[in-house]
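Here's the letter readout for the chains.
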Amino acid sequence: METLFLKDCPYAYYIHCFAHRLQLVLVAASREVYLIHDFFSNLTFVVNIVCSSSKRHDELQAVKLEETSLLLEIGELDIGKGQNQIGTLKRAGDTCWSSHFSSVCSMINTHDATCVVLQNIRKNGSTYSQRGDANAAYKIMNSFEFILILQMIKEIMRITNCLCQALQQKSQDILNVIHLVSTTKTLIQKLRDEGWDQLLKNVTLFCEQHDIDSPDCNDVYIEHQGRAHHQKDHITVGQHFRVNLFCVTIDQQLQELNHMFNVQTMELFSLSNNLIPKDIYETFNMDDICALVEKFYLVDFSEQEKTNLRFQLQHFILEAVSHPKLNSLSTMFELCEALEKTGKANTYYLIDRIIRFILTFPVSTAIIEKSFSAMKIIKTRLRNKMEDEFLADNMMVYIEKVIVESFSSDSIINDFKSLKERRVAL
């Protein structure tokens, strides 16, 4: 899809990095670390067991209500409007904004209640499968490694979630995007450099409060419960968690953020900010707007139009300051709408064109939205247990219908036949 789109529009750029795409890539980057991948798999496993039926869901909320009432009686919780809500475990959905962050937070808030429900299932489950799954989930919930990653992911996503939430707004101030990207990178780097000791302290305190055994960070780390003398590198438990887990996970996040918001994208953000009509067009810098066209929209404006753009900007700024329907705008969306309603889009057609280019949906968003639509059609109730690889292959065939229609059954059979003959020859 992207290749075909860029073939027709080679200078298509995107302004907004929408929240669902940002979350998808950040979560995917984290799961490159196998311990994080195991964590999310275990998190889904626990949530599925506890929330698989309305009876267990009600039991979880009843236990949480009893726990909250007890803490209120002994003065451990503050009383106030909107506080101490009885929540539940939330599932992490790849296509839902900030769902992973919500799922992690809900697991921390309902840890004790979840353990009580798992113990009840372990004792009173109707089948050996239910009892066995509950026992495995209970052990996962009470492991130091699970709690450490739970708290670590919460801290990381607490930082990136602010950027995700801001990018969900329909009318986004590009200047705020620049600041949010910069502060997000800075805070994640600060967490990497200075956050380990505080994180370990919080995890240790959590484990003490919930009777979870904590390992000695000075002990030699033994991988996969093997023997220490079989390992080439002898590191401590603390070094393993800090270097192989904490630092590597954050480095993956920073790498993805730097890739998504590279120098070219940030320059595009910065130059586009000059088209925001705030404070009676004080930000309208003609040199930067012309530079935006020169650098990023080479084939969309002729040489004559590039020259005329500067003159149009001069006339437009003088008129807009005194025009009652143009001098009180604050976003590019409002400006584009006002130009159309007042008929100024015909007079200042070059300015209208560049604004529409910036507001146009990005290539990446078109791909994601089309994929989500295809997923709803392909992954039905009867195909709910479809493997990810098989689902991806089916989606590819469905999305690229035009290309697939050019393939005949005979050509596919001949390809496989020739592949088999080649293997025999080898």
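Residues numbered from 1 in each chain as written. Predicted model: local features only at pLDDT ≥ 70, side-chain atom pairs only at ≥ 80, totals over all residues. Heavy atoms only, no water.

Going by an unreviewed UniProt entry, the chain carries the name HAT C-terminal dimerisation domain-containing protein and comes from Anisodus tanguticus.

K.L.:
I keep staring at the nonpolar core and nothing clicks. Help me out?
P.N.:
Here is a general trend for soluble globular proteins: nonpolar side chains tend to be buried in one another's company. In this structure, F39, M107, F146, M152, I153 and L245 are the most contacted members of the largest nonpolar core, which totals 65 residues. Among the elements that line this core, the one with the most residues is helix α8 (residues 144-166), at twelve residues. Residue contacts for M152: discarding those within four places in its chain leaves I36, L199, L245, F246 and T249. (Core = buried A, V, L, I, M, F, W, Y, C linked by side-chain atoms within 4.5 Å. Buried < 20%, exposed > 50% of the residue type's maximum accessible area, 1.4 Å probe, protein only. Helix = DSSP H or I, 4+ residues; strand = E, 2+ residues; numbered from the N terminus. Contact = heavy atoms within 4.5 Å.)

K.L.:
I would appreciate a short explanation of the packing of aromatic side chains in the present structure.
P.N.:
What characterises a pair of aromatic rings is the spacing of the ring centres plus the angle enclosed by the ring planes. Scanning the entire structure with this criterion turns up ten aromatic pairs. With a centroid separation of 5.4 Å and an interplanar angle of 55 degrees, the aromatic rings of W196 and F246 are classed as tilted. Of this pair, W196 sits in helix α10 (residues 196-209) while F246 sits in helix α11 (residues 237-260), and the two are 50 residues apart along the sequence. What makes W196 buried here is its relative accessible area of 6%. Look at F246 and you get buried, because its relative accessible area is 1%. Judged by centre distance (5.1 Å) and plane angle (80 degrees), the ring pair of Y281 and F284 falls under edge-to-face. (Phe/Tyr/Trp six-rings, centres within 6.5 Å; stacked < 30°, edge-to-face > 60°.)

K.L.:
For this particular structure, what's the right way to read the pattern of salt bridges?
P.N.:
Opposite charge on two side chains permits pairing when their charged atoms draw close. Applying the stated criterion across every chain yields a total of nine salt bridges. Here E305 makes a salt bridge to R353, at a shortest N to O gap of 3.0 Å. Of the two residues, E305 sits in helix α14 (residues 303-322) while R353 sits in helix α17 (residues 349-359), which places them 48 residues apart along the sequence. For E305, a relative accessible area of 17% puts it in the buried group. Close ionic contact of D352 with R356 constitutes a salt bridge, the shortest N to O distance being 2.8 Å. (Salt bridge = Lys/Arg side-chain N within 4 Å of Asp/Glu carboxyl O.)

K.L.:
Please explain the packing of helix α13 (residues 286-296) against α14 as it appears in this structure.
P.N.:
Packed helices, taken two at a time, are described by the angle their axes make and the gap between the axes. α14 packs onto α13 with a crossing angle of 145 degrees between their chain directions and a minimal axis gap of 10 Å. The crossing of α13 and α14 is right-handed. Counted together, M286, D287, I289, C290, V293 and E294 of α13 and K306, L309, R310, L313, Q314 and I317 of α14 form the full contact between these two elements. (Axes fitted to C-alpha atoms, helices over the stretch in contact; angles between N-to-C directions. Left-handed = near helix turned anticlockwise from the far one by under 90°.)

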